[in-house]
Amino acid sequence: MACKSSSDEEEKDFLVCGICMEYYDTDDRTPKILECFHSCCVTCLKLQAVTSLITCPYCRNVTKIKNGVDNMTSNFYIMPKIQKMVAKRKTIEQMLADTKNNFAESIAKRRDVQSKLKMVHNALKLIENTISKMAEDNNEKIAILQSLLEDPFSKQDIEELLASYSKCEADHKYSKEELDTADSLGKSLSDIENFMCCLTLKKKNDGTNYNVKALEKKILAFNNKSPYGPHIGSYHSVLTFILFQMREEKLWEEAAQNGERHQACEVEPTNGKSNKQHAPIKLQSHLFLGDSSDDDWSTTETESSSEQKYNMCYMQFKINNTIQPKVVFRLNFDEAPMMSKRFMDYCKGSTGLSYKSCSVFMNKDGESFTAGRYEDLDIVLDDGGCASSLPNGWCDGKSQRFIADHSTLDEVKGALRMRHRGRSIDGVYVCSEFSVICRDHPNNSQKTTVFGYVHSGIEICQHISRLNLNQNDVVIHSCGVE
């Protein structure tokens with residue numbers, strides 16, 4: 001090990017310039033041979049070559065330069081090792097760049113996952129509130145009926161009972177109505193457990209059908225028992241309640257029965273006999289209790305769904321005439337379709353306006369920067385902070401204002417948001433101006449104007465956010481769809 005370490009040190013001495021201690025390369029650090037056979041890089045020799053004579057920094061021998069430092073003989077003995085080292089360095093640099101891109105893409109994908117999980121969590125909260133309200137109302141009704149169950153006439157004689165006939169008759173009528181209501185609710189909940197789930201999903205892009213095995217030939221039930229474990233049982237219980245609610249809202253319709261289409265599912269009961277269930281029930285949300293066919297699934301693409309195929313945009317900023325690497329943005333059309341579409345249109349220039357050549361006109365030290373202004377909007381705010389009457393659409397032929405999407409995306413580092421341009425009863429006004437958040441900061445609002453995140457290039461955005469814009473000119477050099 002000691003011999004190998006010594007050998008590595010000697011090899012390093014050959015590959016490093018003795019003056020600047022930088023590794024040789026095939027460009028500005030090319031090794032040049034002196035008459036004493038020592039080598040130095042071309043950059044250091046140029047600094048030493050005040051006259052036509054160069055003194056060797058190692059042995060102090062003098063070398064006479066005839067045709068300039070660039071034309072001196074290169075050290076071809078070590079050049080193959082240098083070329084190999086340069087190639088290895090480029091490979092390492094590419095690996096580091098790919099690693100950063102992979103991490104950035106992983107973060108973007110996980111943020112998408114986080115937004116979807118947040119949607120599901122909010123939906124489950126809504127379901128929980130609905131169930132709690134139903135349980136509270138039902139429990140309150142039980143308490144009322146329990147109090148009415150006590151005989152108020154047990155200590156009265158027949159004359160008093162006869163005098164209270166009308167009250168007794170009213171209570172009797174009310175008891176029958178309550179019995180009918182409770183019976184109807186109980187039957188509705190029980191009846192949903194008479195249906196069997198034969199759920200088939202169809203993939204929209206290639207038409208492939210998938211059967212959900214955990215629900216195959218599975219009778220709906222509110223208990224959480226499942227051969228696949230308690231978690232799957234819990235999902236099954238929630239699905240049963242969701243389908244019950246959909247049925248109460250009349251979102252079911254009986255499916256057609258014509259031979260192969262929507263064949264009835266079979267259940268294998270405990271007595272071993274096959275039992276045909278009712279006709280499969282079709283839901284308006286394009287989920288089916290039963291088999292699905294090509295006609296049952298909508299394949300029409302909306303404008304936003306087609307845009308999702310191209311949900312990456314890029315910008316190249318120019319700082320004092322120096323063009324920076326690309327900053328790539330990932331747009332979220334699911335959460336903020338209007339803002340994402342407008343931003344992409346401005347990046348592509350498809351509406352006649354492009355972010356190209358727009359300046360970064362505002363920043364906060366290390367926190368954010370703002371760009372995308374075409375022309376100042378003359379918006380007058382009232383005492384409540386709401387915008388006065390201003391026509392929607394194009395203003396003065398240039399600036400466009402519209403109501404922002406009700407986004408719930410977090411304002412974290414890398415967030416891309418539209419700048420507020422006034423408020424109205426319908427929501428927040430935004431226009432072409434956008435901001436990039438460059439560091440995390442607290443945000444207590446449940447609604448934001450965030451519509452995407454930086455996919456790669458956050459370090460460039462952070463650098464721009466720290467610049468003095470009075471002394472540095474920052475413009476969008478180019479932009480488009482990635």
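Predicted model only: the values in this text are computed from it and were never measured.

About the criteria used
Residues numbered from 1 in each chain as written. Predicted model: local features only at pLDDT ≥ 70, side-chain atom pairs only at ≥ 80, totals over all residues. Heavy atoms only, no water. Helix = DSSP H or I, 4+ residues; strand = E, 2+ residues; numbered from the N terminus. Buried < 20%, exposed > 50% of the residue type's maximum accessible area, 1.4 Å probe, protein only. Contact = heavy atoms within 4.5 Å. Areas by Shrake-Rupley, 256 points an atom, 1.4 Å probe, with all protein chains shown as cover. Axes fitted to C-alpha atoms, helices over the stretch in contact; angles between N-to-C directions. Left-handed = near helix turned anticlockwise from the far one by under 90°. Core = buried A, V, L, I, M, F, W, Y, C linked by side-chain atoms within 4.5 Å. Salt bridge = Lys/Arg side-chain N within 4 Å of Asp/Glu carboxyl O. pLDDT = per-residue confidence, 0-100. Pairing = 2+ DSSP bridges. Patch = residues over 30% accessible without salt bridge, like charges linked within 9 Å, V, L, I, M, F, W, Y side chains within 5 Å. Expected span 1.5 Å × (residues − 1). Phe/Tyr/Trp six-rings, centres within 6.5 Å; stacked < 30°, edge-to-face > 60°. Lys NZ or Arg CZ within 6 Å of the ring centre and 35° of its normal.

### Description of the overall build of the protein
For step 1, the next point in the chain: Helix and strand counts for the protein stand at nine helices and 23 strands.
For step 2, the next point in the chain: Residues classed as buried in the protein amount to 34% of the 482 residues present.
For step 3, the next point in the chain: The contacts of the protein with a sequence gap of at least 6 include a subset with a gap of at least 24, amounting to 61%.
For step 4, the next point in the chain: Accessible surface, the protein: about 30,400 Å² in total, of which carbon and sulfur atoms supply 51%.

### Focus on the packing of helix 3 (residues 79-149) against helix 5 (residues 165-191)
For step 1, the next point in the chain: With their axes 12 Å apart at the nearest point, helix 3 and helix 5 run at an angle of 145° to one another. Classified by chirality, the crossing of helix 5 by helix 3 is left-handed. Here Asn138, Lys141, Leu145 and Leu148 of helix 3 lie close against helix 5, whose contacting residues are Tyr174, Glu178 and Leu185.

### Re the nonpolar core
For step 1, the next point in the chain: Core analysis: the largest hydrophobic core is formed by 37 residues, its most contacted members being Met315, Phe343 and Tyr355.
For step 2, the next point in the chain: Judged by nonpolar contacts, the second largest core, of 20 residues, contains Cys17, Cys40, Met72 and Val86.

### Section: the pattern of salt bridges
For step 1, the next point in the chain: Inspection of the entire model under this criterion finds 12 salt bridges.
For step 2, the next point in the chain: Of the charged contacts, one joins glutamate 482 and lysine 326 as a salt bridge, the two residues approaching to 3.4 Å between their closest N and O atoms. Taken together, the positions of glutamate 482 in the segment after strand 23 (474-481) and lysine 326 in the loop between strand 14 (322-323) and strand 15 (327-331) put the pair 156 residues apart, joining distant regions of the chain.
For step 3, the next point in the chain: Residue arginine 417 pairs with glutamate 411 through a salt bridge whose shortest N-O separation is 3.0 Å.

### What to know about the confidence of the model for the protein
Interpretation of the predicted coordinates at a detailed level should be avoided for regions scoring low in pLDDT.
For step 1, the next point in the chain: Averaged over every residue, the pLDDT of the protein is 76; residues scoring 70 or more account for 73%.
For step 2, the next point in the chain: Long-range and interchain partners of residues 375-382, a stretch whose pLDDT sits below 50, account for 19 contacts in this model, where long-range means more than four residues apart.

### What about the pairing of strand 23?
For step 1, the next point in the chain: With respect to burial, strand 23 is a largely interior element, six of its eight residues being buried.
For step 2, the next point in the chain: In the sheet, strand 13 (residues 312-319) pairs with strand 23 via seven bridges, with the strands oriented antiparallel. When the bridges of strand 23 are listed, cysteine 313 appears paired with valine 481.

### Points about the side chain of serine 237
For step 1, the next point in the chain: With respect to the helices, strands and loops of the structure, serine 237 is situated in helix 6 (residues 230-248).
For step 2, the next point in the chain: Not counting chain neighbours up to four residues away, the residues in contact with serine 237 comprise Ala221, Phe222 and Asn223.

### Brief notes about the environment of threonine 130
For step 1, the next point in the chain: Take threonine 130: it is sitting in helix 3.
For step 2, the next point in the chain: According to the relative accessible area criterion, threonine 130 is partly exposed, its value standing at 28%.
For step 3, the next point in the chain: Taking the C-alpha atoms as reference points, threonine 130 and glutamine 245, 115 residues apart in sequence, are found 9.9 Å from one another.
For step 4, the next point in the chain: Contact partners of threonine 130, with chain neighbours within four places excluded, come to Phe241 and Gln245.

### Some details on a nonpolar patch on the surface
For step 1, the next point in the chain: On the surface, Val120, Leu124 and Val238 cluster together into a nonpolar patch covering about 220 Å² of accessible area.
For step 2, the next point in the chain: Counting through the fold element by element, valine 238 comes out in helix 6.
For step 3, the next point in the chain: A relative accessible area of 31% means that valine 238 is categorised as partly exposed.

### Quick look at helix 6
For step 1, the next point in the chain: Compared with an ideal rise of 1.5 Å per residue, which puts 19 residues at 27 Å, helix 6 spans 27 Å between its outermost C-alpha atoms and is within 8% of the ideal.
For step 2, the next point in the chain: Phi for lysine 250, located one or two positions after helix 6, is positive at around 60°.

### Quick notes on unusual backbone geometry
For step 1, the next point in the chain: Even without a glycine there, the phi angle at methionine 21 is positive, about 60°.
For step 2, the next point in the chain: Note that methionine 21 resides in the loop between helix 1 (2-15) and strand 1 (31-33).
For step 3, the next point in the chain: Even without glycine at this site, asparagine 320 takes up a positive phi of about 50°.
For step 4, the next point in the chain: Considering the arrangement of structural elements, one finds asparagine 320 in the loop between strand 13 and strand 14.

### Let's talk about the packing of aromatic side chains
For step 1, the next point in the chain: Taken as a whole and judged by the stated rule, the model has eight aromatic pairs.
For step 2, the next point in the chain: Their ring planes at 90° and their centres at 5.3 Å tell us that phenylalanine 343 and phenylalanine 434 sit as a pair that is edge-to-face. Of this pair, phenylalanine 343 sits in helix 8 (residues 337-348) while phenylalanine 434 sits in strand 21 (residues 427-437), and the two are 91 residues apart along the sequence.
For step 3, the next point in the chain: These aromatic residues form a ring-pair network of at least three members: Phe329, Phe343, Tyr346, Tyr355, Phe434 and Phe451.
For step 4, the next point in the chain: Its guanidinium or amino end placed over the ring of tyrosine 314, lysine 326 lies 4.2 Å from that ring's centre, counting from NZ or CZ.
For step 5, the next point in the chain: Sitting above the plane of the phenylalanine 402 ring, arginine 342 keeps its charged end 4.2 Å from the centroid.

### Some points on the environment of glycine 233
For step 1, the next point in the chain: Mapped onto the elements of the fold, glycine 233 is located in helix 6.
For step 2, the next point in the chain: For the pair glycine 233 and asparagine 223, spaced 10 residues apart in sequence, the C-alpha separation works out to 7.3 Å.

### What about the pairing of strand 20 (residues 415-424)?
For step 1, the next point in the chain: As judged from the three bridges shared by strand 20 and strand 22 (residues 450-456), these two strands associate in the antiparallel manner. Residue pairing for strand 22: arginine 417 is matched across the bridge by valine 450.
For step 2, the next point in the chain: Judged from the six bridges that link them, strand 20 and strand 21 form a sheet pairing that is antiparallel. Pairing of histidine 420 across the sheet is with valine 430, part of strand 21.
For step 3, the next point in the chain: Adjacent in sequence and paired antiparallel, strand 20 and strand 21 are bridged by two residues.

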